[in-house]
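If you want the building blocks of each chain, they are given just below.
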Amino acid sequence: MTDQSMQLGIEGMSCASCVGRVEKALKAMPGVTGAEVNLATETATLHHDGSIAADDVAQVLDRSGYPARLAETTLDIADMSCASCVGRVEKALRASPGVLSATVNLASNRAVVSHLDTVSAADLAQVVTQAGYPAHPHQAGGHQPADDRNTREINELRRDLVIGSILALPVFVIEMGGHLIPTLHHWIAHNIGTQTSWLLQFVLTTLVLIGPGRRFYAKGFPALFRGAPDMNSLVAIGTAAAWGFSVVATFLPGLLPESSRAVYYEAAAVIVVLILLGRFIEARAKGRTGAAIARLVGLRPRTARVERGGDTTELPIDRIVTGDLIHVRPGEKIAVDGVVVSGQSWVDESMITGEPVPVDKAKGAEVTGGTVNGNGALVFRATRIGADTVLSQIIRMVEEAQGARLPIQELVNRITMYFVPAVLVVAVLTVAVWLILGPEPRLTHALVAGVAVLIIACPCAMGLATPVSIMVGTGRAADLGVLFRRGDALQSLQGVVTVALDKTGTLTEGRPTLTGFETVPGIDRDALLARIAGVEDRSEHPIARAVVEGARAEGLISATPEGFQSLTGLGVRATVDGHDILIGAGRLMEREGIETGPLGDRAAALAADGHTALFAAQDGRIAAVIAVSDPIKDSARAAIADLHAQGIRVAMLTGDGQRTADAVARQLQITEVVADVMPDGKVEAIRRLQSHGPVAFVGDGINDAPALASADIGIAIGTGTDVAIESADVVLMGSGLGAVASAFQISRATMRNIRQNLFWAFGYNTALIPVAAGLLYPVNGMMLSPMLAAGAMALSSVFVLTNALRLRRIQPVAGA
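The structure presented is a predicted model; accordingly, all values stated were derived computationally and were not measured.

### Observations concerning the nonpolar core
In this structure, Leu26 and Phe744 are the most contacted members of the largest nonpolar core, which totals 164 residues. Sorting elements by how many residues they give to this core places helix 28 (residues 738–773) first, with 15 residues. In contact with phenylalanine 744, not counting residues within four places along its chain, are Leu493, Val496, Val499, Leu643, Gln646, Ile648, Ala696 and Ile715. In this structure, Phe517, Val535, Leu556 and Ile581 belong to the second largest nonpolar core, which totals 24 residues.

The structure is reproduced here in C-alpha cells:
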C-alpha cells in the first residue's frame, strides 16, 4: 500500500466544532493516515493507504451530517464495440480516485459518472482514454455533434466496407470458387498457377488487413497486451492467425507438413468484410435508436423575432434572455417558454403533450417552446430559456432514461466482463485438443476450429441486447407523451399489481364546471341565467366562477346586480333588473320558506351522481336548479378499462366526500374507493394496497407528492408547462389518462424485447461456440468455417438491433 491523498468538498460546516467533527469522522476510518479540513474553502484533504474508496468516504460524511459535495459528469466515448468494452470502461472509472459510481451505455456510447466535485470532467475523460477508449466530456445540448459523430462513423464504415469488398471479392472467387467449381480450379491451376494465385491472394488480403481491417489490430492488440482483451482482440487474433498460417504456407512451405499446406487468405479477408458489414448495419441502426432525441431537438427553432427598446430584430435563440418580448407569426414555432402579453391564436402542442387538439392562447396564457403557432399572431414574454425550458427538461429526461442501467443489465455485465478471456482460453484449448487428438491434417483442423471459436464468440449482441431496447422503448414512450424520469421504472412498472389514482385533476378536469341549469315552466332560461351570473360574478367562490364561466360559454352577458348580500354558509342575494334573486343550497330555500317542488327531487338525483346542486329563487318563488361538478376526463373511462383489461387493479384516492367519490367511481367502474383522506392518509392507503403487491400512484405531482414518493412507482400527470416533478418516477406530458395505459404497455413490450434479445445473444453463443470448436465433427464430420462464423456473429448483432427497433411501432392504447 502506498500513501495517497484525496481532496473533497464538504457541505454544512459553519464553525470550528463542525471541522472537528468532520476530522474525527474521517480519521476514524480504517486505512486513513491523516485528515485536514479547511472551513474557509469547505474542503478536506484525506491521506490514506490506498484502501479507501470515495463511496466509503461519502457514506461516512453523510452519517456525520456533513455530506460530501458531489457532481455528475456525462462522457462521450469512442471505440466501444462490445459488452466487454463496457465492463472495462466501468472498471477503469470506478477505480479512479473520487468516483462513486459509473454507468456505461454501449448503445449511446456514453458514461454517466457520479464523483466528488473536486474531480474534473477532463480527468475522468483522461482515465477512459488511457484505458484505450478515447473520451471527452459531453456538451450540454450537444446533440448535433453526437449526430455528426454517428454520421462520420457510418461514412467511415461504408468506405472501408466498399474498399474491403472490392479487395476481398477476387480472393473469395479464386479460393472458394476453386473449391466449389472443379473446372474453375483447373483453369486457375493451368492459367495462373497455384503459387501465383496464392501470391495474388496474399497481396489483396494484406491490403484488406492493413486498410479496412486496421481498426481491429490498432485496438485489439493493445487491449490484449493490457490484459483486457475485447471483441477487437478476438477478431485481430483470429484473422492474424489465418493470415499468418497462409503466409507460412505461401513463402515457407517447408515449415509445414505437406498435408497442411493450404492457405486461408479468403477467411481472413472475408471475416474482416463481414464484421465491417455488421458494424455498418449496427451503426445505422444505433443512429435510429436515438431518433426520439433527434426529433425533440429538431423542435427547437434556430432564431426568433425579439423586441427590445421598441425595435424588433431576428436573433439566434441562444441570445434570448428572460423578459424579452418575442413576436410569433402564423405557422412559426414558439422559441422558448413564456406568457402571452397580446394576440390570440390556437397552438399545436401535440409534439410536447401528445394531445392532438390545438390549445387556445390569449393574453395571460402560458406557451411552450417548440410548439407550433396556428393562424393568429402572438407576442409573449420569455419566462424560461435555455436548459430551463420544458423542451430542454424533456430532452434531459429522455436522455437520462435512455442511458439508464436496469437491474437486469448488471447480470449481463458481470458475465461479459469475463467472457472474452474465457473465449481465449477455450480457443487455446480447442487448438490444443485438435493438435493432440484431431485427424490429419491436424494443424489445419486446429487452425480452423480455433479461428472459428474466436470469431463466433464476439459478445456484441450481449452488450447491445439491453441498452438498445431501452433507448428505443423510452424514445417511443416520449413520442406518446410518457417520460421515464428513472430508468429502472421501465422495468419496475411491468410488475405493478395495483394502480391508485387521485380523483381531482387526475380522473377529473380539476375545476368546477356548470353542468346543468334547469328552470320551472314559464321562466325565461337565458334571462334568468344572465341574472344569476351577474350575482355570482360578485363572488370569488369556485362554484360561483363556474356559473359565470358557464353563462359566458353560452354567449350570455351577465346582468348588473344591486344590493349584493353574502349569506355566510348559505348563499347570496341581490336585486337584478328589479327582481329579487336568491341563490343557495336547499337549507337556504327552507329558511326562506320557499318550496323546491319537483326541482328538489331533481337536485337529489344530481347529488347522487356527484354534482353539487344549488337552487335559485326569483321574487320569492323557486325558479331553477343549478348543477356544478368537476367533469370526468374523456380519457379516464378508456384508460381504466384498458388497465382492467391488462389485469391491473384500480383504486381511487380522494379528499372529497364519500358520496361524491362513489358517484365518480360508479361512472368509471372503479370498485375500490378511499375517500375523505388528507395527503398523509393517501400514503397510508397506498401502504395498505401494497399488501397485494407493487403499487403505482397516479397524481398531479403537486398536492400528491407524498403519495407519489411512497408508491413503488409514482406517475405524475404533467401540464405541458411543468414537467420537473421531482417526486415522480414517470411523467405523463398530457393532461389525459390514456398515457397511463401506454406507460404499462411500453414497459411490458420493452422488457419482453430485452428478454428476447438476451435469450438470442446468450443462446447464440452457448450453442455455437461448441459447434465452432468442432464438437460435431466426430458425429457428422461438420467443421464450422471461420467465414460462416463471422457471418453468424454479424447476424446476431443485427438481429438484436432489428428486434429492438420493432418497439418504434408500438401504438398508443385505445383512448390514449
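Still more to cover.
### With respect to the UniProt feature "transmembrane region" (unreviewed entry) in the protein
UniProt feature "transmembrane region" (unreviewed entry): in the numbering of this structure it lies at residues 161–181, 187–210, 231–256, 262–281, 415–437, 443–466, 758–777 and 783–801. Taken end to end, residues 262–281 is 85% helix and 0% strand, and its two terminal C-alpha atoms sit 33 Å from one another. What you have in residues 783–801 is 84% helix and 0% strand, and the ends, taken at the C-alpha atoms, are 28 Å apart.

### A closer look at the sheet that holds strand 11 (residues 337–343)
Pairing between the strands of a sheet comes from backbone hydrogen bonds, and it takes one of two forms, parallel or antiparallel. Taken in spatial order, the six strands make up an open sheet running 9-8-10-16-11-14, and their pairing is antiparallel. The open sheet is flanked by strand 9 (311–316) and strand 14 (366–367), the only strands paired with a single partner. With six bridges connecting them, strand 8 (residues 303–308) and strand 9 associate as antiparallel partners. Opposite threonine 303, over in strand 9, you have proline 316 as the bridge partner.

### Focus: the packing of helix 20 (residues 525–536) against helix 21 (residues 542–553)
Following both chains from N to C, one finds helix 20 and helix 21 inclined at 140°, their axes separated by 9 Å at the closest point. Considered as vectors, helix 20 and helix 21 are oriented oblique to each other. In the packing of helix 20 onto helix 21, the handedness of the crossing is left-handed. Where helix 20 abuts helix 21, its residues Leu529, Ile532, Ala533 and Glu536 lie against Ala544, Arg545, Val547, Val548 and Ala551. Residues that form the contact of helix 20 with helix 21 fall into these classes: seven nonpolar, no polar and two charged.

### With respect to helix 15 (residues 419–437)
Compared with an ideal rise of 1.5 Å per residue, which puts 19 residues at 27 Å, helix 15 spans 26 Å between its outermost C-alpha atoms and is within 8% of the ideal. Phe419, Val420, Val423, Leu424, Ala427, Thr430 and Trp434 are the residues of helix 15 that are buried. Along the axis of helix 15, the buried positions cluster into a sector of 145°, meaning they face one direction only. Seen from the buried face of helix 15, the exposed residues on the opposite side, beyond 90 degrees, are Val428, Leu429, Ile436 and Leu437.

### As for a nonpolar patch on the surface
Residues Leu199, Phe251, Leu252 and Leu255 make up a contiguous nonpolar surface patch of roughly 390 Å² in combined accessible area. Relative to the assigned elements, phenylalanine 251 resides in helix 9 (residues 231–251). With relative accessibility at 42%, the residue phenylalanine 251 sits in the partly exposed group.

About the cut-offs
- Residues numbered from 1 in each chain as written.
- Predicted model: local features only at pLDDT ≥ 70, side-chain atom pairs only at ≥ 80, totals over all residues.
- Heavy atoms only, no water.
- Core = buried A, V, L, I, M, F, W, Y, C linked by side-chain atoms within 4.5 Å.
- Buried < 20%, exposed > 50% of the residue type's maximum accessible area, 1.4 Å probe, protein only.
- Helix = DSSP H or I, 4+ residues; strand = E, 2+ residues; numbered from the N terminus.
- Contact = heavy atoms within 4.5 Å.
- UniProt positions renumbered as here; feature names shortened; annotations may be inferred.
- Pairing = 2+ DSSP bridges.
- Axes fitted to C-alpha atoms, helices over the stretch in contact; angles between N-to-C directions.
- Parallel < 35°, antiparallel > 145°, perpendicular 65-115°, else oblique.
- Left-handed = near helix turned anticlockwise from the far one by under 90°.
- Nonpolar A, V, L, I, M, F, W, Y, C, P; charged D, E, K, R; others polar.
- Expected span 1.5 Å × (residues − 1).
- Arc of directions from axis to C-beta.
- Patch = residues over 30% accessible without salt bridge, like charges linked within 9 Å, V, L, I, M, F, W, Y side chains within 5 Å.
- Areas by Shrake-Rupley, 256 points an atom, 1.4 Å probe, with all protein chains shown as cover.
- Salt bridge = Lys/Arg side-chain N within 4 Å of Asp/Glu carboxyl O.

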